[in-house]
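Architecture at a glance
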Amino acid sequence: VGEQVTNRAESSSESPLTFRFFQVEMDIRKCIVTNPLEKLNKVTATGSQRPIYFVHAMEGNADPLRRIGAALDAPALCLQCTRDVPLGSIGDMAAHYVRLLRQASPIGPYHLVGFSFGGAVAYEMAALLTRQGFAVSLCLLDSSPQYMAVYRAQYRKAAKIASDERLEGNGV
């Protein structure tokens, strides 16, 4: 199968970044996200209303979250994976996103929504923000329960926390 796929994928003569794969031509430059914080709706923050920050799925962009963001009556923004995002670990990615979040909204509380892979990143962001003294609400959408259970267990072990009660009491 790999050989058949290799035989069908070829570089286009237009650009080394353009590929033809199964008769579909794609310019990979269009796949690179350049905006680290994408607005999902036109609602602006008023008074005590705080924005909702979504964390992308594995694809790294806001596209799968646009419909849900557009339906909200609160400002909805999505963190996106640009070239500047460190990809070495979930913790590195979360720390980077927390810096972006704090630049956009220096004062909490923070409302985070993690979608799929973004659930693990959002969970780590919530833990970082909580340790920094901020109130955080966290919603996980389509985040694998088994994956999150393993991730939470590793977090509890590293933080020397016996149960989820202490995490939940800290807003996570």
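What comes next concerns the included structure. (Residues numbered from 1 in each chain as written. Predicted model: local features only at pLDDT ≥ 70, side-chain atom pairs only at ≥ 80, totals over all residues. Heavy atoms only, no water.)

Observations regarding the overall build of the protein chain
- Broken down by element type, the protein chain carries six helices and eight strands.
- In the protein chain, the order of α-helices and β-strands from amino to carboxyl end is α-β-β-β-β-β-α-β-α-β-α-β-α-α.
- Taken over 172 residues, the protein chain has a buried fraction of 39%.
- Surface exposure of the protein chain reaches about 10300 Å², of which carbon and sulfur atoms provide 54%. (Helix = DSSP H or I, 4+ residues; strand = E, 2+ residues; numbered from the N terminus. Buried < 20%, exposed > 50% of the residue type's maximum accessible area, 1.4 Å probe, protein only. Areas by Shrake-Rupley, 256 points an atom, 1.4 Å probe, with all protein chains shown as cover.)

Concerning the sheet that holds strand S7 (residues 110-115)
- The strand order across the open sheet built from five strands is S4-S6-S5-S7-S8, with neighbouring strands paired in mixed fashion. On the outer flanks of this sheet lie strand S4 (37-39) and strand S8 (136-141), each paired with one strand and no other. Pairs of neighbouring strands in the sheet enclose a mean axial angle of 25°, with direction left out of account.
- Two elements, S4 and strand S6 (residues 76-79), share three bridges in a ladder whose sense is antiparallel. Paired with Lys 39 across the bridge in S6 is Leu 77. (Pairing = 2+ DSSP bridges. Axes fitted to C-alpha atoms, helices over the stretch in contact; angles between N-to-C directions.)

Notes on helix H4 (residues 118-131)
- Across its 14 residues, H4 extends 20 Å between first and last C-alpha, which sits within 8% of the 20 Å expected from 1.5 Å per residue.
- Here H4 lies mainly inside the structure; 13 of its 14 residues are buried.
- One or two residues past the end of H4 sits Gly 133, with phi positive at roughly 95°. (Expected span 1.5 Å × (residues − 1).)

Considering the packing of aromatic side chains
- Counted according to the given criterion, the structure contains one aromatic pair.
- Relative to Phe 134, the ring of Tyr 110 has its centre 5.3 Å away and its plane inclined at 75°; by these criteria the two rings are edge-to-face. In this pair, Tyr 110 sits in strand S7 while Phe 134 sits in the loop between H4 and S8, placing the two residues 24 residues apart along the sequence. (Phe/Tyr/Trp six-rings, centres within 6.5 Å; stacked < 30°, edge-to-face > 60°.)

Some remarks on the environment of Glu 38
- For Glu 38, the position within the fold is in strand S4.
- Along the primary structure Glu 38 and Phe 54 are separated by 16 residues, whereas in three dimensions their C-alpha atoms are 9.5 Å apart.
- Not counting residues up to four positions away in its chain, the partners in contact with Glu 38 are Ala 62, Arg 66, Ala 76, Leu 77, Cys 78 and Gln 80.
- A polar atom in the side chain of Glu 38 sits 2.9 Å from the side chain of Asn 35. (Contact = heavy atoms within 4.5 Å. Polar contact = N/O pair within 3.5 Å; in protein donor to acceptor, adjacent residues only side chain to side chain.)

Comments concerning the nonpolar core
- Counting 24 residues, the largest nonpolar core has Val 55, Tyr 97, Leu 101, Leu 112, Val 121, Met 125 and Leu 129 as its most contacted members.
- Of all the elements in the fold, those that place two or more residues in this core are strand S5 (52-55), S6, helix H3 (90-104), S7 and H4.
- Once residues within four sequence positions are removed from consideration, Val 121 is found in contact with Val 55, Ile 90, Met 93, Ala 94 and Tyr 97. (Core = buried A, V, L, I, M, F, W, Y, C linked by side-chain atoms within 4.5 Å.)

A look at unusual backbone geometry
- Across the junction of Gly 108 and Pro 109, the peptide omega takes the value 0°, indicating a cis bond.
- Inspection of the secondary structure assignment puts Pro 109 in the loop between H3 and S7.
- A positive phi is found at Ser 116, a non-glycine position, where the angle reads about 55°.
- Structurally, Ser 116 can be placed in the loop between S7 and H4.
- Overall, Ser 116 belongs to the partly exposed group, its relative accessible area being 28%.

Thoughts on the pattern of salt bridges
- Evaluated as defined, the whole model comprises two salt bridges.
- A salt bridge links Arg 66 to Glu 38; the shortest N-O distance between them is 3.4 Å. Taken together, the residues Arg 66 in helix H2 (residues 66-70) and Glu 38 in strand S4 connect sequence positions 28 residues apart.
- Two residues, Asp 63 and Arg 66, come together in a salt bridge whose shortest N-O distance is 3.1 Å.
- The structure contains a network of salt bridges with shared partners spanning Glu 38, Asp 63 and Arg 66. (Salt bridge = Lys/Arg side-chain N within 4 Å of Asp/Glu carboxyl O.)

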